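Residue strings, one per chain:
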Amino acid sequence: MKLQSFCTALGLTALTLSVSTFPGFSQDNSSANQPNQVTFFCQEVFDSASGEKIPATVAWIPERQAHVRFIGWKSQYFEKSGWSPQKRCQEVSKKFKNFQEAGLLNYLKTGKINNGISVICAVKSNEETCNGNNQLFQLKTGSDPELVLKQLVNIAVGTSSKEILQSTGGKTYVNVGNYLQNAPVVNVEK
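The sections below set out a description of the structure shown in this document. Just so you know, these numbers come straight off a predicted model, no measurement behind them.

## Topic: the overall build of the protein
Across its full length, the protein carries 4 helices and 9 strands. The linear arrangement of helices and strands in the protein, starting from the amino end, is α-β-β-β-α-β-β-β-α-β-β-α-β. Within the protein, counting contacts between residues at least 6 apart in sequence, those at least 24 apart form 55% of the total. By element, 48% of the accessible surface of the protein is carried by carbon and sulfur atoms, the whole surface being about 9,400 Å².

## As for the environment of Tyr107
Along the chain, Tyr107 falls in strand E4 (residues 107-113). On the accessibility criterion, Tyr107 (18% relative accessible area) is buried.

## Some points on the state of the cysteines
Tallying each qualifying case throughout the model produces 2 disulfides. Covalently, Cys42 is tied to Cys89 through a disulfide, its sulfur atoms 2.1 Å apart. The sign of the S-S torsion, about 120 degrees, decides the handedness of the disulfide formed by Cys42 and Cys89: right-handed. With Cys42 in strand E1 (residues 39-47) and Cys89 in helix H2 (residues 85-101), this pair connects stretches of sequence that are 47 residues apart. The buried category is assigned to Cys89, whose relative accessible area is 0%. Here Cys121 is linked by a disulfide to Cys130, with a sulfur-sulfur distance of 1.9 Å. One quick way to see it: the torsion about the S-S bond of Cys121 and Cys130 is about -65 degrees, and its sign makes the bridge left-handed.

## A few points about the sheet that holds E1
Spatial ordering of the open sheet is given by E1-E2-E3-E9, a layout of 4 strands whose pairing is antiparallel. Of all strands in the sheet, those with a lone pairing partner are E1 and strand E9 (185-186), marking the two edges. In this sheet, strand E3 (residues 66-72) lies alongside strand E2 (residues 52-61) in antiparallel orientation, the contact comprising 6 bridges. If you follow Ala56 over to E3, its bridge partner there is Gly72.

Definitions and limits used
- Position numbers for residues count from 1 along each chain, tracking the sequence in the order it is written.
- Note on the predicted model: pLDDT of at least 70 is required for a residue's local features to be given, and 80 or more for side-chain atom pairs to be given and counted; whole-chain, interface and lining totals, by contrast, use all residues.
- Calculation of side-chain values draws on the structure's entire complement of heavy atoms; hydrogens and water are dropped beforehand.
- For helices the rule is a DSSP run of H or I covering at least 4 residues; for strands it is a run of E covering at least 2, with both sets numbered from the N terminus onward.
- The contact criterion used throughout is that any non-hydrogen atoms of two residues lie within 4.5 Å.
- Only the protein chains shown count as cover for residues, and all accessible areas are computed by the Shrake-Rupley method using a 1.4 Å probe.
- Only protein chains enter the area calculation, which uses a 1.4 Å probe; residues under 20% of their type maximum are buried, those over 50% are exposed, and those in between are partly exposed.
- Whenever a pair of cysteine sulfur atoms sits within 2.5 Å, that pair is classed as a disulfide.
- Two strands make a pair as long as DSSP finds a minimum of two bridges between them.

Have a look at this one:
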C-alpha cells in the first residue's frame, strides 16, 4: 500500500524513480577504465516496479569504484512537447555532468522560474536560488517540488538513516556529495 501511494504521488511529477535497489545496466566500461572523477550519464536500468528497462540518470563515483542511480525517467507527461523519457534522461544527465565538471553541483534545490514553473536545480551554495541557468529539469504542473526532492533522496538511499536532506528558510536542499557517498551502489552488466 505504501508503494502504491508512493507511485501515485510520483505519477504526478515529471519524473518517476525506479524502486529497485540493484537495477542492471548495459554498459561497455568496467571499473578499471572508468574516469577518476564523478561522471553522470544516461543509461537504461531495470525497473522492478514495471518489470521493464527505463532510462536513468546514473553517476560513476570513483572513490567508491561504483555507480549510483540518481533518477529513473518513466513519466510520459512531457512527451506531447517532444520530451520523451529517453530525451529527458539524455539532456538532464548532460546537465548534471556539465554542472559537476564546472564545480556547480554542490546541492540540489527546488524553485520556480518563468511564470511559476517548478524546477529542480543545481546550486553551488544553499543560499542560491533556481533560475534558467541552473535548472536541471522541470516538474509536472501541480507537483509539490519539496516532496519530489525528498522522494528522490528517500528512494535512492533506501530511506537511509544518514541525513543528506537539509533545509534553510523553509526550503529543502540536498548535499550532492553526501548523496553520492550514501546512495546504494548499483550493479553494472559487463
